[in-house]
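Architecture and fold: a report
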Amino acid sequence: MNPRFHANPSANGQGMTSQRARDRLVERLRSEGGIRDERVLSALRTVPRHLFIDEALASRAYEDTALPIGNSQTISQPWVVAKMTEALIEHGLPKRVLEIGTGSGYQAAVLATLGIEVFTVERIDELLRTARRRFRNLGLNLRTKHDDGRMGWPEHAPFDAIIVTAAGAALDAALLNQLADGGTLVAPVGGAMSQNLLRLRKTPEGIVQEDLGKVVFVPLVSGVL
Ligand code: SAH
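One structure accompanies this document, and this report is about it.

Procedures and definitions
Residues numbered from 1 in each chain as written. Predicted model: local features only at pLDDT ≥ 70, side-chain atom pairs only at ≥ 80, totals over all residues. Heavy atoms only, no water. Helix = DSSP H or I, 4+ residues; strand = E, 2+ residues; numbered from the N terminus. Rg over C-alpha atoms; globule rule 2.2 N^0.38 Å. Buried < 20%, exposed > 50% of the residue type's maximum accessible area, 1.4 Å probe, protein only. Contact = heavy atoms within 4.5 Å. Areas by Shrake-Rupley, 256 points an atom, 1.4 Å probe, with all protein chains shown as cover. Core = buried A, V, L, I, M, F, W, Y, C linked by side-chain atoms within 4.5 Å. Pairing = 2+ DSSP bridges. Axes fitted to C-alpha atoms, helices over the stretch in contact; angles between N-to-C directions. Near = heavy atom within 4 Å. Polar contact = N/O pair within 3.5 Å; in protein donor to acceptor, adjacent residues only side chain to side chain. Phe/Tyr/Trp six-rings, centres within 6.5 Å; stacked < 30°, edge-to-face > 60°. Lys NZ or Arg CZ within 6 Å of the ring centre and 35° of its normal. Lys, Arg positive; Asp, Glu negative; His and termini not counted. Salt bridge = Lys/Arg side-chain N within 4 Å of Asp/Glu carboxyl O.

1. Let's talk about the overall build of the protein
Scanning the protein from terminus to terminus reveals 6 helices and 9 strands. The C-alpha atoms of the protein give 16 Å as radius of gyration, which agrees with the globular expectation for 225 residues (17 Å, within 12%). For the protein, the C-alpha atoms occupy an extent of roughly 50 × 40 × 35 Å along the three principal directions. Considering the protein as a whole, with its 225 residues, one finds that 52% of them fall into the buried category. Counted over contacts in the protein with a minimum sequence separation of 6, partners at least 24 positions apart contribute 53%. For the protein, the accessible area works out to roughly 10,200 Å², and carbon and sulfur atoms hold 50% of it.

Here's what the structure looks like:
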């Protein structure tokens, strides 16, 4: 375990339990979830998910389920985080990644733990403030922005990879435009009830699109709050 994660007092007392619970969750993601990438499994073993949710729900942090984080939003299910991260780094670890939908900050923290430079955009100010505090407490250095992420973050484009963690009916062209040549974009696309997790890669032959299966995300919403 990374020693910096002991720095937060709320990790004390629960520390060993949490690490054991985390290890168990990771073994399930491997055996039942089909997650194979050791880099991803190691990152999920490291990042204390219980610090990304309200204390009242902390005891459920290592169940493989999405949980409410306030403002009608959720922290993604660990399997989904693992699956998206695996899909994002499979063809080489990206140097710089743009995330749309910071939410709790958990997915962003997993990416940062992999040594990736993370740029993350969130439309709900209250969630972003809480996420920023978590990053600081864990000693994680990420770039954050309060904005409508559908526009991407043009000042820092192009990105080697882009991950969208809220569901849209279609992919926003602005995001694809901010993806570097050879880059990978992962996003849930579809209706309100369920979506398909799509992976798009910008290759010399054009855009290659794959469908990685059904997922359920909260909707991508325009404007800021
Ligand atoms: N990656 C997050 C998942 C949070 S749920 C985590 O690991 O916890 C999706 C988040 O996307 C919500 O916080 C929601 O407010 C945010 N979101 C929805 N539409 C958005 C938009 N247009 N721009 C930025 N963030 C958006």
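More follows now that the structure is in view.
2. Thoughts on the nonpolar core
When a protein is soluble and globular, its nonpolar side chains tend to lie buried together. Leu44, Phe52, Leu88, Tyr106 and Phe135 are the most contacted members of the largest nonpolar core, which has 49 residues in total. Listed by contribution, the elements that provide at least two residues to this core are α1 (15-31), α2 (38-46), β1 (67-70), α3 (78-89), α4 (106-113), α5 (125-137) and β6 (159-164). Tallying contributions element by element places α3 first for this core, with 7 residues. Setting aside residues up to four positions removed in sequence, Phe135 forms contacts with Phe52, Thr102, Gly105, Ala108, Ala109, Thr120, Leu140, Leu142 and Thr144. Core analysis: the second largest hydrophobic core is formed by 17 residues, Phe119, Phe159, Leu198 and Leu220 among them.

3. Some thoughts on the sheet that holds strand β4 (residues 117-122)
Taking strand neighbours across the sheet as the criterion, the 7 strands line up as β5-β4-β3-β6-β7-β8-β9 in an open arrangement whose pairing is mixed. A strand with exactly one partner marks an edge of an open sheet, and here the two such strands are β5 (143-146) and β9 (206-215). Mean inter-strand twist for the sheet, computed between neighbouring axes without regard to direction, equals 15 degrees. Pairing analysis gives 4 bridges linking β4 to β5, with the strands arranged parallel. Residue pairing in the sheet places Glu122 in a bridge with His146 of β5. Where α4 meets the sheet, its contacts fall on β3 (96-100), β4 and β6, and the angle it forms with β4 comes to roughly 170 degrees. The strands touched by α5 within the sheet are β4 and β5, with β5 carrying the most contacts at an inclination of about 165 degrees.

4. Points about the site of the ligand
Not every one of the 27 residues close to the ligand is listed here, only the nearest: Ser104, Glu122, Asp148, Gly149 and Val221. Between the ligand and Gly101 there is a distance of 3.0 Å, counted from a nitrogen atom to a backbone nitrogen or oxygen. Within the complex, the protein chains bury 99% of what would otherwise be the 580 Å² of accessible surface of the ligand. Those elements that provide at least two residues to the shell around the ligand are β2 (73-75), β3, α4 and β4.

5. Let's talk about the packing of aromatic side chains
Counting across every chain of the model gives 3 aromatic pairs. With centroids separated by 5.6 Å and ring planes inclined at 90 degrees, the aromatic side chains of Phe119 and Trp153 adopt a geometry described as edge-to-face. With Phe119 in strand β4 and Trp153 in the loop between β5 and β6, this pair connects stretches of sequence that are 34 residues apart. We note that Phe119, like Trp153, is buried. Their ring planes at 65 degrees and their centres at 5.5 Å tell us that Phe119 and Phe159 sit as a pair that is edge-to-face. Placement of the pair is Phe119 in strand β4 and Phe159 in strand β6, with a sequence separation of 40 residues. Stacked on the ring of Tyr106, the Lys or Arg Arg49 has its end atom at 5.7 Å from the ring centre.

6. Points about α4
Across the 8 residues that make up α4, a large majority, 7, are buried. Considered for burial, the residues of α4 that qualify are Tyr106, Gln107, Ala108, Ala109, Val110, Leu111 and Ala112. Downstream of α4 by one or two residues, Gly115 has phi in the positive range, about 90 degrees.

7. Some thoughts on the side chain of Arg134
For Arg134, the position within the fold is in helix α5. Of the side chains with opposite charge, Asp54 comes closest to the buried, unpaired Arg134, at an N-O distance of 6.6 Å. Those residues in contact with Arg134 that sit more than four places away from it in its chain are Leu51, Phe52, Ile53 and Ser104.

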